[in-house]
Amino acid sequence: MTTPAIQLMNNLRTGNSTAPRLTWYGPEGERVELSGRVLDNWVAKTSNLLQDELDAEPGMKISLALPPHWKTMVWALAAWQLGLETVLDGPGADFLVTADPDRLNGNTAGQEPAGQTYDAVIAVALPALAMRWPGELTGGCLDYAAEVRLHGDVFLAHADPDPLARAISGSDGREHRQQDLLEGFAASHDEGVRLHIPAADGLEAALSNALGAWKQDGSVVITHPDVQLTDKLLAAERIHGS
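Because the structure is a prediction, the values reported are computed rather than measured. (Residues numbered from 1 in each chain as written. Predicted model: local features only at pLDDT ≥ 70, side-chain atom pairs only at ≥ 80, totals over all residues. Heavy atoms only, no water.)

> Explain empty space enclosed by the protein to me, and be specific about the residues and the numbers.
With the rule as written, the count across this model stands at one cavity of 30 Å³ or more. By volume, the largest cavity amounts to about 30 Å³. In terms of lining, the largest cavity is formed by Met73, Ala76, Leu77, Trp80, Leu207, Ala210, Leu211 and Trp214. Residue assignment for the lining of the largest cavity shows that the elements contributing at least two residues are helix H3 (70–82) and helix H6 (203–215). Partitioning the lining of the largest cavity into residue classes produces eight nonpolar, no polar and no charged. (1 Å grid on protein atoms, 1.4 Å probe; cavity = no way out; pocket = protein on both sides within 12 Å on 5 of 7 lines; lining within 4 Å. Points joined across faces, edges and corners; volume = space filled by probe spheres on them. Helix = DSSP H or I, 4+ residues; strand = E, 2+ residues; numbered from the N terminus. Nonpolar A, V, L, I, M, F, W, Y, C, P; charged D, E, K, R; others polar.)

Here it is as structure tokens:
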């Protein structure tokens, strides 16, 4: 059984797959560009890590404690492809994906100060060239950078996601099901848009806008809050549409 997230990944993988789909501008001149094929590759590897190593199943919840970033987009797409619910704020998740594992108090279940426990905690090093987490990881945290490359480039689900299961809850309180992800949650954008997404606008806005752009066969450019949006950058990235 297919869902909009699965169909989206198929479209990114097969339709003009060498065209840029996700570009990231980070601090200190960092720039990462992923074509549809490369984006799908990262998403497949991450989905396989969740399914094969962490025993994730459709309907489980994953907390994305990450800033708007290209790796965060990968994690969200992987979660939805697998049929997981992404949690952007609040307790109650099975898995925690974080760029700040030091805030955990170190037990193997990944217990937070408020008492929340997780089946697994995954530490994500945000620098593009990071091959592993910089430093020690305690309490059983999984090192995403070191582990993800070990997984396959093609994702084959062990179980079909439920189209009626929740995919994400918006800050406005609306619950969006897997089958409605690209209709209710995704923002409306022009066909073929090359969309600028400021990370400063927050993760929910970044996810909604990226999904809306990809739905329209477009692409996105995400900029870190420290990156100045100059005319030169706008022209170089051919940002257009809305």
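There is more to say after this.
> Could you give an account of the nonpolar core, with specific residues and numbers?
Counting residues in hydrophobic clusters, the biggest one holds 59 residues, and the most contacted among them are Trp75, Trp80, Leu211 and Trp214. It is H3 that contributes the most residues to this core, 10 residues altogether. Residues in contact with Trp80, not counting those within four places in the same chain, are Thr3, Ala5, Thr86, Ala167, Ile168, Gln178, Leu181, Phe185, Leu207 and Leu211. If you look at the next biggest cluster of nonpolar residues, it comprises six residues, including Leu104, Tyr118, Val121 and Cys141. (Core = buried A, V, L, I, M, F, W, Y, C linked by side-chain atoms within 4.5 Å. Buried < 20%, exposed > 50% of the residue type's maximum accessible area, 1.4 Å probe, protein only. Contact = heavy atoms within 4.5 Å.)

> Could you give an account of the confidence of the model for the chain, naming the residues involved and the relevant values?
When the pLDDT values of the chain are averaged, the result is 92; 95% of them are 70 or greater. Low pLDDT, under 50, characterises residues 106–111; the predicted model gives this stretch 15 contacts beyond four residues in sequence or across chains. (pLDDT = per-residue confidence, 0-100.)

> Account for the packing of aromatic side chains, with residues named and values stated.
Working definition: an aromatic ring pair is given by the centre-to-centre distance plus the angle between the planes. Summed over all chains, the structure comprises three aromatic pairs. Consider the rings of Trp42 and Trp70, whose centres lie 5.0 Å apart with planes at 85°: the pair is edge-to-face. Highlighted residues: Trp42 in helix H2 (residues 36–53) and Trp70 in helix H3, separated in sequence by 28 residues. For the pair Trp80 and Phe185, a centre-to-centre distance of 6.4 Å together with 65° between the ring planes defines the contact as edge-to-face. Highlighted residues: Trp80 in helix H3 and Phe185 in helix H5 (residues 181–185), separated in sequence by 105 residues. By the burial criterion, Trp80 is buried, and Phe185 matches it. (Phe/Tyr/Trp six-rings, centres within 6.5 Å; stacked < 30°, edge-to-face > 60°.)

> An account of unusual backbone geometry is requested, with residue identities and associated values reported.
If you check the backbone angles, Asp55 has positive phi at about 60° while not being a glycine. Looking at the secondary structure, you find Asp55 in the loop between H2 and strand E3 (61–65). According to the relative accessible area criterion, Asp55 is exposed, its value standing at 55%. Backbone geometry at Asp217 places phi at a positive 60°, although glycine is not the residue there. With respect to the helices and strands, the residue Asp217 is situated in the loop between H6 and strand E11 (219–223). For Asp217, a relative accessible area of 46% translates into the label partly exposed.

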